[in-house]
Amino acid sequence: MTVGVLALQGDFREHAQVLRTLGADVVLVRRPEELARVDGLVIPGGESSVMDKLARAFGLADPLRAAVREGLPVYGTCAGLIMLADTVVDGIRGQESIGGLDISVRRNAFGSQTQSFETDLDVPVLGEAPVHAVFIRAPVVDTVGPRATALARLADGRCVAVEQGRLLGTSFHPEITGEHRFHEYFLGTVSAARFLG
Ligand code: GLN
């Protein structure tokens, strides 16, 4: 199974490491030819406005949109979740997303870098043990549209993980805490998609 990690910017190395640990062949994706080779794609954390600019500059934005439309499994963390959102409430002027998830997201919803925090979350699809989640200038999912499903919420009810078909997104960063269950779950989607075509 070949899984791409969008490697324009952000913490793509950490994702690549987790995916390799789980037995996937990893391709760092910077060009459309690399995207065309993968069975699934991870979009890392970083800065979504910069990632968007680079995706356009590298000629990847439209191929990414087409890939999502054609059913490529994609998992986005933090900035990656923003890239997958149909609506970005407060994007930097001219910021575009790839879209696919029927959600609206609010960037930097918890404040600046210094207000980053960690907490334990219940994520029923991953089993009983809570997920230790790290939020770094994280977005929140403001609206979960009818086609998307919330997978986890903070104690105050705000949504921080969503799924829609083959798309998965988290506001937080499992790739930096040794939490592999989201990546495992995503690889399950990738292998089912390969089987079903
Ligand atoms: N605040 C960043 C953005 O808007 C996301 C931060 C992150 O990926 N840790 O893209």
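The coordinates are above.
Cut-offs and rules
- Residues numbered from 1 in each chain as written.
- Predicted model: local features only at pLDDT ≥ 70, side-chain atom pairs only at ≥ 80, totals over all residues.
- Heavy atoms only, no water.
- Helix = DSSP H or I, 4+ residues; strand = E, 2+ residues; numbered from the N terminus.
- Buried < 20%, exposed > 50% of the residue type's maximum accessible area, 1.4 Å probe, protein only.
- Arc of directions from axis to C-beta.
- Core = buried A, V, L, I, M, F, W, Y, C linked by side-chain atoms within 4.5 Å.
- Contact = heavy atoms within 4.5 Å.
- 1 Å grid on protein atoms, 1.4 Å probe; cavity = no way out; pocket = protein on both sides within 12 Å on 5 of 7 lines; lining within 4 Å.
- Points joined across faces, edges and corners; volume = space filled by probe spheres on them.
- Nonpolar A, V, L, I, M, F, W, Y, C, P; charged D, E, K, R; others polar.
- Phe/Tyr/Trp six-rings, centres within 6.5 Å; stacked < 30°, edge-to-face > 60°.

**Concerning unusual backbone geometry**
- A positive phi angle is found at Cys 78, which is not glycine, with a value near 60°.
- Residue position: Cys 78 is located in the loop between β4 (74–77) and α5 (79–84).
- Positive phi is not limited to glycine here, since Asn 108 has a value of about 45°.
- Assignment of secondary structure puts Asn 108 in the loop between β6 (101–106) and β7 (117–121).

**A look at helix α1 (residues 12–21)**
- The complete set of buried residues in α1 reads Phe 12, His 15, Ala 16, Val 18 and Leu 19. Taken around the axis of α1, the buried residues stretch over an arc of 165°, which confines them to a single face.
- In the stretch just after α1, Gly 23 is the one whose phi turns positive, near 95°.

**Section: the nonpolar core**
- Formed by 33 residues in total, the largest nonpolar core has its most connected members in Leu 6, Leu 35, Leu 41, Ile 43 and Ile 103.
- Those elements that provide at least two residues to this core are β2 (25–29), β3 (40–43), α3 (48–57), α4 (61–69), α5, β5 (85–88), β6 and β11 (159–164).
- Residue contributions to this core peak at five residues, all from α5.
- Beyond its immediate sequence surroundings of up to four residues, Leu 6 is in contact with Phe 12, Val 29, Leu 41, Val 42, Ile 43, Pro 44, Met 51, Leu 60 and Leu 64.
- Within the second largest apolar cluster, 31 residues are counted, among which are Ala 24, Ala 133, Phe 135 and Ala 152.

**Observations regarding the layout of surface pockets**
- Of the voids in this model, the largest pocket is the one considered here, and its volume is about 170 Å³.
- Lining the largest pocket are 15 residues, and of these Gly 46, Glu 47, Cys 78, Ile 136 and Arg 137 lie nearest its centre.
- By residue class, the composition of the lining of the largest pocket is four nonpolar, seven polar and four charged.

**Some points on the packing of aromatic side chains**
- Tallied over the entire structure, the rule returns seven aromatic pairs.
- Aromatic pair Phe 110 and Phe 117: ring centres 5.1 Å apart, planes at 65°, arrangement edge-to-face.
- Judged by relative accessible area, Phe 117 falls into the partly exposed class, the value being 26%.
- With 5.6 Å between their ring centres and 70° between their planes, Phe 172 and Phe 182 make a pair best called edge-to-face. Of the two residues, Phe 172 sits in the loop between β12 (167–170) and α6 (181–196) while Phe 182 sits in helix α6, which places them 10 residues apart along the sequence. An identical accessibility class is assigned to Phe 172 and Phe 182; each is buried.
- Through pairs of rings, three or more aromatic residues link up here, namely Tyr 75, Phe 110, Phe 117, Phe 135, Phe 172, Phe 182 and Phe 186.

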